[in-house]
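Each chain is listed here by its residues.
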Amino acid sequence: PHAGPVDSKNEAAMSELVPEPRQKPVVPMKPMGINANLLGYIGIDTIIEQMRKKTMKTGFDFNIMVVGQSGLGKSTLVNTLFKSQVSRKSSGWNREEKIPKTVEIKAIGHVIEEGGVKMKLTVIDTPGFGDQINNENCWEPIEKYINEQYEKFLKEEVNIARKKRIPDTRVHCCLYFISPTGHSLRPLDLEFMKHLSKVVNIIPVIAKADTMTLEEKTEFKQRVRKELEVNGIEFYPQKEFDEDLEDKTENDKIRQESMPFAVVGSDKEYQVNGKRVLGRKTPWGIIEVENLSHCEFALLRDFVIRTHLQDLKEVTHNIHYETYRAKRLNDNGGLPPMTVETEENHESNL
Amino acid sequence: LGPRWLSIPPAAVMDSIIIQERLVERLLSPRTQAQRSHPAKLKDHEKQYVGFATLPNQVHRKSVKKGFDFTLMVAGESGLGKSTLVNSLFLTDLYKDRKLLNAEERINQTVEIVKHTVDIEEKGVKLKLTIVDTPGFGDAVNNTECWKPITDYIDQQFEQYFRDESGLNRKNIQDNRVHCCLYFISPFGHGLRPVDVEFMKALHEKVNIVPLIAKADCLIPSEIRKLKERIREEIDKFGIKVYQFPECDSDEDEEFKQQDRELKESAPFAVIGSNTVVEAKGQRVRGRLYPWGIVEVENQAHCDFVKLRNMLIRTHMHDLKDVTCDVHYENYRAQCIQQMT
């Protein structure tokens, strides 16, 4: 029997680590029979340090998708989030190109490093979404792409000779850009989020928030939150996946007060009060991207990168991927390719 | 006024107009019994003029008595600040009872045509202003031909005028033809969107289109410049005929010509609207208050609102009506007659 979500939490973390054959443990084990408490510190907690060292060596994958009408600042925001030129905008894509006639999926990978940790970041852009006159079903290519990544992972998982570390191209996080009209969500926003919140973690953001005053922003956010609730759209962090009270309290606050984050992006720096800050210079003042009284970019960044990055991956692996896998099992009556041997191998590894 | 004026230096023209105006006033003003039995004697310097240089003033006076009317259409996706801008332009509050639909309600909405009429008076001049609103335009998931209700409306007004004009009782023809359409382009795009191009192409031969960049306070000056250039290029590329400001007469003074040039170079206007008054540098101004500064609607360094207002109301209102009557309506009429015969 396949291990339940609780166990595979560590699995997810460990799947980044190379599953090696049993080695000598780093800390010598005490001989059995002796009361460990009497002999002092065992050192089990150093496992955390070992994991950390391992993670630093192997690095980790993170795949973020951006969806929204063209011109909402998606590329700029991603560059601002990761303080690097990682978006489609920076990889030789010509800004003067026409809007594509159908939705395209463009994935660009970069390796970025910070504090000795390497991240293989893939930014998946979706040019053409919502830009046509007729946008019916324009979310379908996106849903298809997401499911294709699950399928790829699944195929690797059930293989006889599995790779040590399955390359993870699954979309961990989808930033959905809401246009700052100040009124409410648009029909297309609802349609997209209704369809996709069941297959991927959606984080709605209000784009180009420097077009709204504080009052307008607060009212708009309230209205958007209400509309999402009324339409049963569960954005990340989803209520049903809160693991304990601590999570719930923290996430409730984010869900009910901060989200959707109203953001402004920029890759230009200006001098403000003797400091260099990222911002936008207008004739009436400088908008500071990382100033919380100007916009909520810093909240989004902390949320996605500094506190919930790992959780985004875990929910993707334990929930969305498992849902896909279960559906495939039920639909086809089995996974491809399947032999009795493989099935046993599969179980024993768990 | 005829070629003879071109050869007379401006100062002299003003003098002669003043003299003639005073003469006309005397001739037209109510006279006492005594005055009527002794007709006014023309002074010497008045005799040399026939007196029709005051015709524009007479027309002006009659129009002031009759009042003007103007029909302005606003179109663009919802949330681009159209209502706020209209209220800012005409210092009114046309939309206070408006109910905004949420996304779910909008899923089944079709494009409507809604008219608001308001009578405005300023310094004795009356304006009957009609605003034609187009809620629902461009908001649906599928916006194919979402401009059809709008082109139908414009054609209907032409048709009604055509029938009235050809009818027997022409004294009180109501002119409901649309004189100008402000088309709001989103500042969040990189230029024109497909729906923008299709809309303007469907309407450019029926109404004067004045494209605007909406909510321009979310753009920094370099972005505005680039966007304007891009839009101008695309308008050319797609063969869209937007309203052209007429060439100013060669005898206008240099300041006027300079203003006219600036006006043409600023198109499409990047606008911001506001009906709230905020405090800036000790002054009270109409604007928007942000944590990083105050945007002043009437500050030309902040946006083109003043240019738009001047153009629409103070300098080109009459030309907009003329072009509607002489070009768009005549095209419609010619087509109609052709189809009939």
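Numbering of residues begins from 1 in every chain and follows the order in which that chain's sequence is written. Written order decides the labels, with chains lettered from A and ligands numbered from 1. Predicted model: local features are reported for residues with pLDDT of at least 70 only, side-chain atom pairs are reported and counted for 80 or more only, and whole-chain, interface and lining totals are derived from all residues. Water and hydrogen atoms were dropped before computing side-chain values, which therefore reflect all heavy atoms in the structure.

**Concerning the overall build of chain A**
Note the threshold: Each helix is a run of H or I in the DSSP string that is no shorter than four residues. Each strand is a run of E no shorter than two, and both are numbered from the N terminus. Throughout this description, buried means an accessible area under 20% of the type-specific maximum (1.4 Å probe, protein chains only), exposed means over 50%, and partly exposed covers the range between. Every residue pair with non-hydrogen atoms within 4.5 Å of one another is taken to be in contact. All accessible areas in this document rest on Shrake-Rupley with a 1.4 Å probe, and a residue is counted as covered only by the protein chains that are shown.
Each helix and strand counted, chain A has 10 helices and nine strands in total. Counting only residues that meet the buried cut, chain A has 48% of its 350 residues in that class. Put simply, of all contacts in chain A between residues at least 6 apart along the chain, 71% involve residues at least 24 apart. On chain A, roughly 18300 Å² of surface is accessible, and the fraction owed to carbon and sulfur atoms is 53%.

**A word on the interface of chain B and chain A**
Selection criterion: Buried area is calculated as the accessible area (1.4 Å probe) missing from two parts once they are joined, with the contributions of both summed. Any Lys or Arg side-chain nitrogen located within 4 Å of an Asp or Glu carboxyl oxygen qualifies as a salt bridge. By the criterion applied in these results, polar contacts are pairs of N or O atoms within 3.5 Å in which, for protein atoms, one can donate a hydrogen and the other can accept it, and in which residues neighboring in sequence qualify only through two side-chain atoms. Side-chain classes follow a simple rule in which Ala, Val, Leu, Ile, Met, Phe, Trp, Tyr, Cys and Pro form the nonpolar group, Asp, Glu, Lys and Arg form the charged group, and the remainder, Gly included, forms the polar group.
Between chain B and chain A, the residue contacts involve 44 residues of the former and 46 residues of the latter. Of all residues in chain B, the largest losses of buried area upon contact with chain A belong to B:Val141, B:Phe188 and B:Trp292, amounting jointly to 22% of the total for that side. Our count for the contact surface shared by chain B and chain A stands at three salt bridges. Measuring nitrogen to oxygen at the nearest pair gives 2.7 Å for the salt bridge that ties A:Arg186 to B:Glu77. Run the count over chain B and chain A and you get 11 residue pairs in polar contact (both at pLDDT 80 or more). Residues belonging to the side of chain B that touches chain A are distributed by class as follows: 21 nonpolar, 10 polar and 13 charged.

**Some words on the pattern of salt bridges**
Within this structure, the stated rule accounts for 39 salt bridges over all chains. A:Arg276 is paired through a salt bridge with A:Glu269; the nearest N and O atoms lie 3.4 Å apart. Across the pair B:Glu77 and B:Arg193 runs a salt bridge, and its minimum N-O distance is 3.7 Å. One end of the pair, B:Glu77, is in the loop between β1 (68–75) and α5 (82–90); the other, B:Arg193, is in the loop between β4 (180–185) and α8 (194–203), and 116 residues separate them in sequence. Across the pair, B:Arg193 and B:Glu77 agree in class, each one buried. A cluster of three or more residues bridged by salt bridges with shared partners is formed by A:Lys83, A:Glu290, A:Arg301, A:Asp302 and A:Arg306.

**A word on the nonpolar core**
Side chains that are nonpolar tend, in soluble globular proteins, to be buried together. Put simply, the rule is: For this analysis, a nonpolar core means a set of buried residues of the types Ala, Val, Leu, Ile, Met, Phe, Trp, Tyr and Cys, connected via side-chain atoms within 4.5 Å.
Among the nonpolar cores identified, the biggest contains 158 residues, and A:Leu175, A:Phe192, A:Ile203 and B:Leu182 are the most heavily contacted of them. Setting aside chain neighbours within four positions, we find A:Ile203 in contact with A:Cys173, A:Cys174, A:Leu175, A:Tyr176, A:Tyr236, A:Met259, A:Leu300, A:Phe303, A:Val304 and A:Leu312.

**A word on the confidence of the model for chain B**
Residues and elements named next belong to chain B. Heads up, the condition is: pLDDT is a per-residue confidence score from the predictor, ranging from 0 to 100.
Scored by pLDDT, chain B comes out at a mean of 83, with 84% of its residues at no less than 70. Taken as a whole, residues 1–9 scores under 50 in pLDDT and shows seven contacts with residues more than four places along the chain or in a different chain. Across the whole predicted complex the pTM is 0.77, and at the interface the ipTM reaches 0.71.

**What about the pairing of strand β7 (residues 277–280) of chain B?**
Residue and element names in this part refer to chain B. Basically, it comes down to this: Strands are labelled as partners when DSSP assigns at least two bridges between them.
Covered by surrounding structure in β7 are Val 278 and Ala 280 only, the residues Val 277 and Glu 279 on the alternate face being uncovered. By the bridge criterion, four bridges tie β7 to strand β8 (residues 283–290) in an arrangement that is antiparallel. Following the sheet pairing, Glu 279 is matched in β8 by Arg 284.

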